[in-house]
Amino acid sequence: MTGLSLSSSASLSRPMTDPFGRTISYLRVSVTDRCDLRCFYCMSEDMTFLPKADLLTLEELDRLCSAFIARGVRKLRLTGGEPLVRRNVMSLVRSLSRHLATGALDELTLTTNGSQLTRFAGELADHGVRRINVSLDTLDPAKFRAITRWGDLDKVLAGIEAARSAGLAVKINAVALKNLNEDEIPQLMEWAHGKGMALTLIEVMPMGDIGEGRIDQYVPLSLLRARLAKHYTLSDLEETTGGPARYVRVAETGGKLGFITPMTHNFCESCNRVRITCTGTLHTCLGHEDASDLRKPLRASADDELLSQAIDRAIGTKPKGHDFIIDRRHNRPSVSRHMSVTGG
């Protein structure tokens, strides 16, 4: 006996549906706000990270993820910061993989900067991870160091090869940066497709104070797509994950190219995801300042009834769409929290 009433038990297994009829089946969880790089569009060089005592323990993260899986989440992505710099993070991956074994979870994956993949790729594959996203904005070592402030491109490329050798499918994510890597996109695409990897381009998002103006970084992907269309045959694909990317097939390379356009196209009508920070804060929309504390109900009871009630309240506030803008008058971000805190 669990001690829960029938109604309580039902609430712990009831699917999560927001006020607009969208069923939440995808959870992104930041396991840390820390990162071993300092990409200038993501965080300031002198970041102040959260005290480690503020973070959920790995056991609490497991319990939180498991509660969402019980409520219908079928895809779980671990993010950061850089998730692979969290101490003992592989124990979390190993534990969560039990949901793959039972069939409760369809996919366990993560987004990484690739710097730690030579160390962890094999273990990720052993624990049921089948594909990963790697953030990589350039193949030029000097540009890479400029973007990341102190990153080593060779280390990341070696990590990507380690992941591929371990049998992981790799998708490359690249943020389009005005006057920096926008002219390199064709080369990056041909490199990725030549290795059987998809490439997704992302517009700069106005999140967090990074000490620089977003206007100087932003380039609309509609412009980059038009440039690519002059030299490549792009055919729209119908596939969708319920997420922000819109995909095309590139005839000349045979590869897949995605566009994530939070600034130029609102992609919210099919949104099926929510995000949890490493402190247990739930954000139902990347582009809003909404926040629901799940750490308190998580720690308040040994069972998940209070947690499930808090999840229901949060899902009930999920907005219809986001309103990202780059504020040209005050040069401030639309959302004050950094992407590294929110979780990828």
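Residues numbered from 1 in each chain as written. Predicted model: local features only at pLDDT ≥ 70, side-chain atom pairs only at ≥ 80, totals over all residues. Heavy atoms only, no water.

**Student:** Just checking my understanding: could you explain the overall build of the chain for this structure?
**Tutor:** Scanning the chain for helices and strands turns up 12 helices and 12 strands. Taken across its 344 residues, the chain has 56% of its residues classed as buried. For the chain, the exposed area adds up to about 14900 Å²; of that, 51% sits on carbon and sulfur atoms. (Helix = DSSP H or I, 4+ residues; strand = E, 2+ residues; numbered from the N terminus. Buried < 20%, exposed > 50% of the residue type's maximum accessible area, 1.4 Å probe, protein only. Areas by Shrake-Rupley, 256 points an atom, 1.4 Å probe, with all protein chains shown as cover.)

**Student:** Can you walk me through the pairing of strand β10 (residues 273-276) in this structure?
**Tutor:** Within a regular beta strand, the side chains point alternately toward one face of the sheet and then the other, so they alternate between its two faces. Neither face of β10 is exposed, since Arg273 and Arg275 on one face and Val274 and Ile276 on the opposite face are all buried. In terms of strand pairing, strand β1 (residues 26-30) meets β10 through 4 bridges, oriented parallel. By the bridge assignment, Arg28 is partnered in β10 with Arg275. Where β10 and strand β11 (residues 281-283) come together, 2 bridges link them in antiparallel fashion. Of the residues in β11, the one forming a bridge with Ile276 is Leu282. Once β10 ends, the chain turns through 4 residues before running back antiparallel as β11, passing Gly280 with a positive phi of about 90°. (Pairing = 2+ DSSP bridges.)

**Student:** Please explain the packing of helix α2 (residues 58-70) against helix α3 (residues 89-96) as it appears in this structure.
**Tutor:** Packed helices, taken two at a time, are described by the angle between their axes plus the distance between the axes. Look at α2 against α3: their axes get within 10 Å of each other, and the N-to-C directions meet at 30°. With respect to each other, α2 and α3 are oriented roughly parallel. As for how α2 packs across α3, the hand of that crossing is right-handed. Contacts between α2 and α3 involve Leu58, Leu61, Asp62 and Cys65 from the first element and Val89, Ser91, Leu92, Ser95 and Leu96 from the second. Class assignment for the residues of the contact of α2 with α3 results in 6 nonpolar, 2 polar and 1 charged. (Axes fitted to C-alpha atoms, helices over the stretch in contact; angles between N-to-C directions. Parallel < 35°, antiparallel > 145°, perpendicular 65-115°, else oblique. Left-handed = near helix turned anticlockwise from the far one by under 90°. Contact = heavy atoms within 4.5 Å. Nonpolar A, V, L, I, M, F, W, Y, C, P; charged D, E, K, R; others polar.)

**Student:** Which parts of the structure should I look at to understand the nonpolar core?
**Tutor:** Taken as a class, soluble globular proteins show a tendency for nonpolar side chains to be buried jointly. Grouped together as the largest cluster of nonpolar side chains are 91 residues, with contacts concentrated most on Phe68 and Ile172. No other element matches the 7 residues that α2 contributes to this core. Setting aside its immediate chain neighbours within four residues, Ile172 contacts Val134, Leu136, Ile160, Trp191, Ala192, Met197, Ala198, Leu199 and Thr200. (Core = buried A, V, L, I, M, F, W, Y, C linked by side-chain atoms within 4.5 Å.)

**Student:** How should the state of the cysteines be read in this particular structure?
**Tutor:** A disulfide bridge is the covalent bond that connects two cysteines by way of their sulfur atoms. This model, assessed by the stated rule, comprises 0 disulfides. No disulfide involves Cys35; its sulfur sits 6.4 Å from the nearest other cysteine sulfur, which is in Cys39. Residue Cys35 is classed as buried on the basis of its relative accessible area of 17%. (Disulfide = S-S within 2.5 Å.)

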